[in-house]
Amino acid sequence: MPGPGSDYFMIARVVQPANRGLQVSGKIQAVRGMNDILPEHSHLWQFLEDCTREALESAGYREIRLPLVERTALFSRAIGEVTDIVEKEMYTFEDRNGDSLTLRPEGTAGCVRAGIERGLFHNSQPRLWYSGPMFRHERPQKGRYRQFHQIGVEAYGMDGPDVDAEQILLLRRLWERLGIRAELRLNSLGTPEARRDYRAALVRYFEAHAGQLDEDSQRRLHTNPMRILDSKNPALFDLIDAAPRLPDYLDDESREHFSRLCRLLDDAGVEYVLDPRLVRGLDYYTRTVFEWVTDALGAQDAVCSGGRYDGLVTQLGGRPTPAVGFALGMERVIALIEQQAPERPPRMLPHVYVVHSGEQAERLAFEVSELLREQVEGLRLMLNCGGGSFKAQFRRADNSGAAVALVIGEEEAGTRTVQLKPLREHSEQQAVKLEALPAAVAALIN
Ligand code: HAM
């Protein structure tokens, strides 16, 4: 590696003013919209991950790990050329071979690519899940980031509404487990043919009222008119309210599919709102679409969204394979947990902090720590490293949140005993022989 005084760095320093990305001196900050998840928050992430993994694996969903980078063409073909994501939000770059690659803005396209390429869909009905960062160059605000995290779930090879219902029930159970509330919005987009007819009707309608459209909607009129229904511009609300409605254009089979789904949800007592304006921002959806929304997070209201995409596998070169899935936005779900969950999961604090001073004491401290780690199941033990006076070490023990300090000085080292000192309650410190220590510590943590 070249050092700071090397030619490489001198050249970098001279060249960099023209190139914002290559700053060498000064403080380097994180990229806007890309967050650090700090230790004080990570236990909430782990709680969400653990609960979701448990819920999914117990329903037969298995984890798939996918690359963060895919060929750009995968996303433009799957998500759609004229969607916001593909038009203006992708992190796309040329690699050293001149290939156009993109940081994944979502997981469904990569999952389908992997399924086709690895033959996962042959004679089987895989139920898969994945999690990790996604990248979209959106305008950052609370709940909307440029690097955000999803847990995504996809089921292949089943075309009935039973699996749609299964996923929705799975989510209801998950929200309950996490202690959060969200409202389910539901719609059916029908087959691509039904959507084509509906699209044509929408274009006719909005063309007749073109004067009232804002610039964004004018642009969408002939590229993606259904997205006009999603407009956040209050001036358009009346016009949108009076627009043709998708349910009136549904084909009979999709209508039947949708009413069977609603019946299954009714049977299970799931509450939902039928939302004929719910169209979704990705082009691959057919039939069922849904979103779980909340008004607790300001403008960013969808915590989880998904639906059926029966045509995508063929569109990407595979054999016809119906599919349905969803992704939840982890940042948004965690914000809800922080706001709503009555009993937020506690941070895992150490049970024991080992304080020691002197060379013999240090050796005994290592011996004691290894002994306890081996013999006391579930023990969380921190060993003081980096020296320091007893006073400094006790301050660290206190800051660590440990319930008990194990104290070893030269005297204890000589007699192979350890002082067990409660840190959070007023009770006497006691001297414990090494042989009796595992049992004494085990009694403390239970
Ligand atoms: P999506 O609606 O684009 O769908 O994203 C899913 C969820 O990711 C959203 O409901 C939201 O919670 C979260 N999300 C999206 N963008 C951001 C952002 N910039 N910052 C923070 N959170 C965000 C999909 O991605 C589909 N692949 C879902 C799917 C899977 N459909 C079928 N299978």
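How each quantity is defined
- Residues numbered from 1 in each chain as written.
- Predicted model: local features only at pLDDT ≥ 70, side-chain atom pairs only at ≥ 80, totals over all residues.
- Heavy atoms only, no water.
- Near = heavy atom within 4 Å.
- Polar contact = N/O pair within 3.5 Å; in protein donor to acceptor, adjacent residues only side chain to side chain.
- Helix = DSSP H or I, 4+ residues; strand = E, 2+ residues; numbered from the N terminus.
- Pairing = 2+ DSSP bridges.
- Axes fitted to C-alpha atoms, helices over the stretch in contact; angles between N-to-C directions.
- Contact = heavy atoms within 4.5 Å.
- Domains from an automatic or database assignment.
- Core = buried A, V, L, I, M, F, W, Y, C linked by side-chain atoms within 4.5 Å.
- Buried < 20%, exposed > 50% of the residue type's maximum accessible area, 1.4 Å probe, protein only.

Colleague: So what exactly am I meant to see when it comes to the site of the ligand here?
Modeller: Taken together, the neighbourhood of the ligand is formed by 26 residues, with Glu106, Glu138, Glu154, Tyr285 and Ser305 sitting nearest. Contact distances for the ligand include 2.8 Å between an oxygen atom and a side-chain N or O atom of arginine 136. At 2.9 Å from a nitrogen atom of the ligand is found a main-chain nitrogen or oxygen belonging to tyrosine 145. Broken down by secondary-structure element, the contributors of at least two residues to the shell around the ligand are β6 (147–156), β10 (302–308) and β11 (323–329). The greatest single-element share of the shell around the ligand, amounting to six residues, is contributed by β10.

Colleague: Any chance you could explain the sheet that holds strand β4 (residues 100–103) here in plain terms?
Modeller: Two pairing modes exist for strands in a sheet, parallel and antiparallel, and in both the strands are linked by backbone hydrogen bonds. Read from one edge of the open sheet, three strands run β2-β4-β3, paired in antiparallel fashion. Of all the strands in the sheet, just β2 (69–71) and β3 (91–94) have a single pairing partner and so form its edges. Across this sheet, the average inter-strand angle for adjacent strands is 35°, counted without regard to direction. Pairing geometry for β3 and β4, over four bridges, is antiparallel. Bridge pairing links tyrosine 91 to leucine 103 in β4. Each of β2, β3 and β4 touches helix α3 (residues 72–79); the most contacted strand, β2, lies at about 75° to it.

Colleague: I tried to follow the domain arrangement of the protein chain on my own but got confused; where do I start?
Modeller: A common measure of how large an interface is: the accessible area buried when the components associate. Per the domain assignment, the segments of the protein chain are domain 1 (39–191 + 251–340) and domain 2 (352–445). Between domain 1 and domain 2, the C-alpha centre-to-centre distance is 48 Å.

Colleague: How should the sheet that holds β11 be read in this particular structure?
Modeller: Spatially, eight strands are ordered β1-β5-β6-β11-β10-β9-β7-β8 in an open sheet, and the strand pairing comes out mixed. Edge positions in the sheet fall to β1 (62–63) and β8 (273–274), since each of these pairs with one other strand and no more. In terms of strand pairing, strand β7 (residues 183–188) meets strand β9 (residues 288–293) through six bridges, oriented antiparallel. When the sheet's bridge partners are listed, serine 188 is paired in β9 with threonine 288.

Colleague: Help me understand the nonpolar core, please; the structure alone is not making it clear to me.
Modeller: Note on soluble globular proteins: their nonpolar side chains tend to be buried together. Of all hydrophobic cores here, the largest spans 45 residues; its most connected members are Tyr156, Phe206 and Leu229. Looking at this core, the elements with two or more residues in it are α3, α4 (84–89), α5 (108–117), β5 (127–135), β6, α7 (192–208), α9 (237–241) and α11 (312–315). If we ignore the near neighbours within four places in the chain, the residues touching leucine 229 are Tyr198, Leu202, Phe206, Ile240, Ala243, Arg277 and Val279. The next biggest cluster of nonpolar side chains, apart from the first, holds 43 residues, and it includes Trp45, Leu56, Leu178 and Met330.

Colleague: How should the side chain of glutamine 393 be read in this particular structure?
Modeller: By secondary structure assignment, the location of glutamine 393 is in helix α14 (residues 390–400). In this structure glutamine 393 comes out as buried when scored by relative accessible area, which is 0%. Those residues within four positions of glutamine 393 in sequence are excluded, and the remaining contacts are Tyr353, Val354, Val355, His356, Asn384, Gly387 and Gly388.

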